[in-house]
Amino acid sequence: NAGVTQTPKFRILKIGQSMTLQCAQDMNHNYMYWYRQDPGMGLKLIYYSVGAGITDKGEVPNGYNVSRSTTEDFPLRLELAAPSQTSVYFCASSRANTEAFFGQGTRLTVV
Amino acid sequence: EDQVTQSPEALRLQEGESSSLNCSYTVSGLRGLFWYRQDPGKGPEFLFTLYSAGEEKEKERLKATLTKKESFLHITAPKPEDSATYLCAVQAWGSSNTGKLIFGQGTTLQVKP
């Protein structure tokens, strides 16, 4: 099983550019999440979704947008990239109230 | 405000030297406490879920315990392959219909042969 697949693995953006981080899961999980991980700061929730067509903000949503048109996919959009968005981004999925499964991460650098 | 604090930030052990990692939490009604392992350059990998004080779970050299204020991850006779960052996360009852997790900062464990 592929589990949670994130693309790309690495990306360098210039300030002001935009990009979409892709996330797909093949476990038929309703719940999906985007976290960012900064050194020494743990994982912070950006956005989450409890099903197709339903999304909501997490702890640090500013500068990001999401959509959920299918159960499998949950892309994260960065508009007008800023150096503060340099981080490692993790997508995760779960069934209701069970452990989350994480992707391998996307390392993003904004210069 | 719901909060999770892990200690120590870093831990160096000799192979075979047992120790414990701590996860202290403040949450408005604990639904579940999760332990994850994260290897460098990888995503977190699920280890355990604990739901109520007094509960214990074991996997190989790892044992997780839970009280009303904290959880411990005990590592018995660790091996170099146990080297990783260990993450603790809590889920509050208020978030039970969303699955949201609140993570601690992690403890980076290095086990030397």
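All values reported here derive from a predicted model rather than from experimental measurement.

Cut-off values and rules
Sequence order sets the numbering: in each chain, residues are counted from 1 along the sequence as written. Written order decides the labels, with chains lettered from A and ligands numbered from 1. Two thresholds apply to this predicted model, a pLDDT of at least 70 for residue-level local features and 80 or more for giving and counting side-chain atom pairs, whereas whole-chain, interface and lining totals are computed over all residues. The basis for every side-chain value is the complete set of heavy atoms in the structure, and neither hydrogens nor water enter the calculation. Strands were regarded as paired on the criterion that DSSP finds at least two bridges between them. Going along the chain from the N terminus, every DSSP run of H or I of four or more residues is numbered as a helix, and every run of E of two or more is numbered as a strand. Lines are fitted to the C-alpha atoms to define the axes, a helix being fitted only along its stretch in contact, and any angle between axes, read from their N-to-C directions, falls within 0 to 180 degrees. Whenever Lys or Arg places a side-chain nitrogen within 4 Å of a carboxyl oxygen from Asp or Glu, that contact is recorded as a salt bridge. Here's how the labels work: a residue is buried when its accessible area is under 20% of the maximum for its type, exposed when over 50%, partly exposed in between, all with a 1.4 Å probe on protein chains only. For our purposes a nonpolar core is just a set of buried Ala, Val, Leu, Ile, Met, Phe, Trp, Tyr and Cys residues, chained together by side-chain atoms within 4.5 Å. The contact criterion used is simple: two residues touch if any of their non-hydrogen atoms lie within 4.5 Å. Once two parts are put together, the accessible area they lose, assessed with a 1.4 Å probe and summed over both, is termed the buried area. Definition of a polar contact: a pair of N or O atoms within 3.5 Å, with one able to donate and the other able to accept a hydrogen when the atoms are protein atoms, and with sequence-neighbouring residues admitted only if both atoms are side-chain atoms. Each residue receives one of three labels: charged for Asp, Glu, Lys and Arg, nonpolar for Ala, Val, Leu, Ile, Met, Phe, Trp, Tyr, Cys and Pro, and polar for the others, Gly being one of them. Here is the rule: rings of Phe, Tyr and Trp (six-membered ring for Trp) pair when centre to centre is within 6.5 Å. Planes less than 30 degrees apart are stacked, more than 60 are edge-to-face, and the remainder are tilted. A ring is considered to have a charge above it if a Lys NZ or an Arg CZ atom is located within 6 Å of its centre and within 35 degrees of its normal.

Help me understand the sheet that holds strand β3 (residues 19–25) of chain A, please; the structure alone is not making it clear to me.
Two modes of strand pairing occur in sheets, parallel and antiparallel, and in both the strands are linked by backbone hydrogen bonds. Residues and elements named next belong to chain A. What the four strands build is an open sheet, ordered β1-β3-β8-β7; its pairing is antiparallel. Two strands close off the open sheet at either side, each with one partner strand: β1 (4–7) and β7 (64–66). For this sheet the average axis-to-axis angle between neighbouring strands, irrespective of direction, equals 20°.

Just to check I follow, could you spell out the pattern of salt bridges for this structure?
Any two side chains of opposite charge can pair, given that their charged atoms come close. Enumeration according to the criterion identifies seven salt bridges over all chains in this entry. For Glu59(A), the salt bridge goes to Lys44(A), with nearest N and O atoms at 3.8 Å. With Glu59(A) in the loop between β6 (54–57) and β7 and Lys44(A) in strand β5 (residues 42–51), the pair connects residues that are 15 residues apart, well separated along the chain. Using a relative accessible area of 52% as the deciding quantity, one classes Glu59(A) as exposed. Accessibility expressed as a relative area gives 24% for Lys44(A), which makes it partly exposed. Residues Lys63(B) and Glu56(B) are paired through a salt bridge, measuring 3.8 Å at the closest nitrogen-oxygen approach. Since its relative accessible area comes to 48%, Glu56(B) is described here as partly exposed.

Explain the nonpolar core here, please?
Soluble globular proteins tend to bury their nonpolar side chains together. Membership of the largest hydrophobic core comes to 25 residues, with the highest contact counts inside it found for Tyr25(B), Leu33(B), Trp35(B), Leu73(B) and Tyr86(B). When contributions to this core are tallied by element, the ones reaching two or more residues are β2 (10–14), β3 (19–26), β4 (30–38), β5 (45–50), β7 (62–66), β8 (70–75), β9 (84–92) and β11 (107–112) of chain B. Of the residues forming this core, the biggest block, five residues, is contributed by β9(B). For Tyr25(B), the contacting residues outside a window of four places in its chain are Gln3(B), Val4(B), Leu30(B), Leu33(B), Leu66(B), Thr67(B), Lys68(B), Lys69(B), Glu70(B) and Val90(B). Core analysis: the next-biggest nonpolar cluster, separate from the first, contains 19 residues, Val4(A), Met32(A), Trp34(A) and Leu78(A) among them.

I tried to follow the interface of chain B and chain A on my own but got confused; where do I start?
For interface size, the figure often reported is the accessible area lost on association. Facing the 21 residues of chain B at the interface are 19 residues of chain A. For chain B, the biggest contributors to the area lost against chain A are Thr98(B), Lys100(B) and Phe103(B); these three give 27% of the whole. Seen at the junction of chain B and chain A, the total is zero salt bridges. Summed over the shared surface of chain B and chain A, the result is five residue pairs in polar contact (both at pLDDT 80 or more). The set of elements that each furnish at least two residues to the side of chain B that touches chain A consists of β4 and β9 of chain B. Looking at the side of chain B that touches chain A residue by residue, the classes come out as eight nonpolar, ten polar and three charged.

Honestly, the packing of aromatic side chains in this entry has me stumped. Any pointers?
Think of a pair of aromatic rings as described by two things: how far the centres are apart, and how the planes are tilted against each other in angle. Enumeration over the complete set of coordinates arrives at eight aromatic pairs over all chains. Between Tyr35(A) and Phe102(A), the aromatic rings sit 5.9 Å apart at their centres with planes inclined by 40°, giving tilted as the arrangement. Here Tyr35(A) is found in strand β4 (residues 31–38), whereas its partner Phe102(A) is found in strand β10 (residues 101–102), with 67 residues between them in sequence. The exposure classification of Tyr35(A) matches that of Phe102(A), with both residues buried. When the centroid spacing of 6.2 Å and the interplanar angle of 75° are considered together, the rings of Phe102(A) and Phe103(B) count as edge-to-face. Taken as a pair, Phe102(A) in strand β10 and Phe103(B) in strand β10 (residues 102–103) lie in two separate chains rather than in one. Its relative accessible area of 9% is what places Phe102(A) among the buried residues. On the accessibility criterion, Phe103(B) (6% relative accessible area) is buried. Grouped by ring-pair contacts, the aromatic residues Tyr33(A), Tyr35(A), Phe102(A), Tyr36(B), Phe46(B) and Phe103(B) constitute a single cluster. The aromatic ring of Phe74(A) is capped on one face by Arg68(A), whose charged end is 5.9 Å from the ring centroid.

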